[in-house]
Amino acid sequence: MPTITFIQYDGRVHSVKAEIGQSVMQVAVDNQIPGVVGDCGGNCSCGTCHGYVDKVSAAKIPAADSYERDLLSCASAPTEDSRLTCQIIVTDALEGMIIHLPESQY
Ligand code: FES
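We now turn to the structure provided with this report. (Residues numbered from 1 in each chain as written. Predicted model: local features only at pLDDT ≥ 70, side-chain atom pairs only at ≥ 80, totals over all residues. Heavy atoms only, no water.)

### A word on the side chain of T5
Rules: Comment: elements are numbered from the N terminus, with helices defined as DSSP H or I runs of at least four residues and strands as E runs of at least two. Whether a residue is buried, partly exposed or exposed follows from its accessible area with a 1.4 Å probe, protein chains only, as a fraction of its type maximum: under 20%, in between, or over 50%, in that order. Distance and chemistry together define a polar contact, namely a pair of N or O atoms within 3.5 Å, with one atom able to donate a hydrogen and the other to accept it when in protein, and with adjacent residues in sequence counting only for side-chain atoms on both sides. Only heavy atoms enter the contact rule, under which two residues are in contact if any of them lie within 4.5 Å.
Here T5 shows up in strand β1 (residues 3-7). Judged by relative accessible area, which is 14%, T5 ranks as buried. Looking at T5, its side chain comes within polar contact range of the side chain of S15, at 2.7 Å. Those residues in contact with T5 that lie beyond four places of it in its chain are V13, H14, S15, M97, I98 and I99.

See below:
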């Protein structure tokens, strides 16, 4: 099980074990990580699972599709590192992934 680290906007750090095949959003929700909401349950329709993915890990996951990019453009404070964490599926390759969380999901 790879370890994923979530860093809240205020700097608090949460490192958790992630089950292969789950979405990163589900990992965060299951571990009650503050700052990840996941209102739509992972259907890529709410944008409340926004996070900033470290560049090393970002290179190991498929690029965002046009629908995800459109939704991210409406997220709070998007950057080039922004992803919807419900669209990232955990694999062994994601060991050490770091997700910085935005100040707000709304
Ligand atoms: Fe709704 Fe990711 S949980 S877009």
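Now that the structure has been shown, the text picks up again.
### Digging into the pattern of salt bridges
Just so we agree on the cut-off: One speaks of a salt bridge when a side-chain nitrogen belonging to Lys or Arg is within 4 Å of a carboxyl oxygen belonging to Asp or Glu.
This structure, assessed with the given rule, holds four salt bridges. For D10, the salt bridge goes to R12, with nearest N and O atoms at 2.8 Å. With a relative accessible area of 47%, R12 lands in the partly exposed category. Residue E80 pairs with K55 through a salt bridge whose shortest N-O separation is 3.0 Å. One end of the pair, E80, is in the loop between α3 (66-72) and β4 (82-84); the other, K55, is in helix α2 (residues 55-58), and 25 residues separate them in sequence. Residue classification places K55 among the exposed positions, given a relative accessible area of 52%.

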